[in-house]
Amino acid sequence: MHRVNSKVENLISSSFSDRLIFLHIHKTAGMSFRGLLCKNYRGKHFNTELDKADRVTASDWNQCLTQIKNIPEYELEQYQVFKGHMRFGLHEILPPPVEYITFLRDPVKRAHSHYKMLRRKKIIPPDPIINLSKSDWNLANYPELCYSFDNGQTRTLAGVDPDLPFGACSEKHLHMALENMDRHFKFVGLTEQFNLSLMLLGRVYGWKWHFYVPDNVACIDFFQLPSVVIEAIRDLNRFDFELYRHAQERLQRWADNYGWGLKAEHRLYNLGNNLHRHLHMGRHCVKQRFGIERRPAMTPIPD
């Protein structure tokens, strides 16, 4: 029998009684994951209600914290899950025990996806606005891009000031983010390995299998950032890449410890979820044909 080492055994010791914080980083498949959270945790959930903001400002975050602080203690203890866009640090005002989970994504893919989303939502103009010859890349009037393009994942996990200027993310913030990840995050999944991450969560938290349906997927957007801008984003986000590599190594160690059993389960889940998705699409086509209103899906995924 394949033996799981002691570090992984410690992960499995988590239970549904632990208070869970899902720190949702923009464009990391967080909407898919939040739907699955609802299916696995039937208790009381608190949503930060910052989902419509394309970045979490200091003012937004302070208002959210004030709202939580004003919840009576007996009521606050009833919440099982806290989820949504946020900064690191919520655990400081919650009754223990508290654990964080989050998902990270390839920094360039995440930044590019966020850029296209902002264009679709008309938060930024449809024409390219980036000027690499300027110190702020001509983004001073677009704080959503400033935050996202400049090591947005490191900023979030480090819990730094949301108004930290473009280009100001530093090695110090990377160390803060890495320390917070290793100390406070029970689980960090990867968008690019979403299904594998779910299988590992099944072992860490005892989750049951739940399939999800791709929904809220944007129409095909043929716009692509120029290659010179992509390379500049890659260079600027060196701290996000370090953070992402650390999460990759951590996830791979966990996967390796479970050996062939996890690999087999992963393959079965992929097959099952693909079948579930196609059946859902078929039902949707039938409902459209007969004018039946579609029930909103719980688990949309990003483009």
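The paragraphs below set out a description of the structure included in this document. (Residues numbered from 1 in each chain as written. Predicted model: local features only at pLDDT ≥ 70, side-chain atom pairs only at ≥ 80, totals over all residues. Heavy atoms only, no water.)

Section: the overall build of the protein chain
When its secondary structure is counted, the protein chain shows eleven helices and five strands. By sequence separation, contacts in the protein chain at least 24 residues apart represent 77% of the contacts at least 6 residues apart. Accessible surface for the protein chain amounts to roughly 15200 Å². Of this, 53% is attributable to carbon and sulfur atoms. (Helix = DSSP H or I, 4+ residues; strand = E, 2+ residues; numbered from the N terminus. Contact = heavy atoms within 4.5 Å. Areas by Shrake-Rupley, 256 points an atom, 1.4 Å probe, with all protein chains shown as cover.)

Notes on the sheet that holds strand β3 (residues 79–84)
The strand order across the open sheet formed by five strands is β2-β3-β1-β4-β5, and the pairing between neighbours is parallel. Sheet topology places β2 (44–47) and β5 (185–190) at the edges, where each strand pairs with a single neighbour. Neighbour-to-neighbour, the strand axes of the sheet open up by a mean angle of 20 degrees, direction not taken into account. One ladder, built from four bridges, connects strand β1 (residues 19–23) with β3; its direction is parallel. Looking across to β3, one finds that Leu 23 is bridged to Gly 84. (Pairing = 2+ DSSP bridges. Axes fitted to C-alpha atoms, helices over the stretch in contact; angles between N-to-C directions.)

Some remarks on the environment of Val 188
Tracing the backbone shows Val 188 in strand β5. The spacing of Val 188 and Tyr 244 is 56 residues in sequence and 9.8 Å in space, taken between C-alpha atoms. Apart from residues lying up to four places away in sequence, Val 188 is in contact with Thr 102, Leu 104, Met 181, Ala 247, Arg 250, Leu 251 and Trp 254.

Points about helix α3 (residues 58–69)
The end-to-end C-alpha distance of α3, which contains twelve residues, comes to 16 Å, matching closely the 16 Å that a straight helix rising 1.5 Å per residue would cover. All of the buried residues in α3 are Ala 58, Trp 61, Cys 64, Leu 65 and Ile 68. For α3, the angular spread of buried residues about the axis comes to 130 degrees, placing them on one side. Where α3 is buried, its residues meet β2 and α4 (73–76). (Expected span 1.5 Å × (residues − 1). Buried < 20%, exposed > 50% of the residue type's maximum accessible area, 1.4 Å probe, protein only. Arc of directions from axis to C-beta.)

Digging into the side chain of Asn 195
Tracing the chain through its elements places Asn 195 in helix α9 (residues 194–205). Among the residues examined, Asn 195 registers a relative accessible area of 13% and is labelled buried. Not counting residues within four places of it along the chain, the set of residues in contact with Asn 195 comprises Tyr 212, His 266, Tyr 269 and Asn 270.

Observations concerning the nonpolar core
Counting residues in hydrophobic clusters, the biggest one holds 61 residues, and the most contacted among them are Phe 33, Leu 90, Leu 104 and Leu 198. By residue number, the principal contributor to this core is helix α11 (residues 238–289), which donates ten residues. Discounting residues that sit within four places of it in the chain, Leu 198 has contacts with Phe 33, Leu 36, Trp 207, Tyr 212 and Tyr 269. In terms of nonpolar packing, the next biggest core, distinct from the first, is built from 23 residues, Ile 130, Phe 149, Leu 225 and Val 229 among them. (Core = buried A, V, L, I, M, F, W, Y, C linked by side-chain atoms within 4.5 Å.)

Here we look at the pairing of β5
Burial analysis of β5 places five of its six residues in the buried class, which makes it a mostly covered element. The sheet contact formed by strand β4 (residues 98–104) and β5 spans five bridges and is parallel. Directly across from Ile 101, in β5, lies its bridge partner Phe 187.

As far as function goes, none of this settles anything; it's purely spatial.
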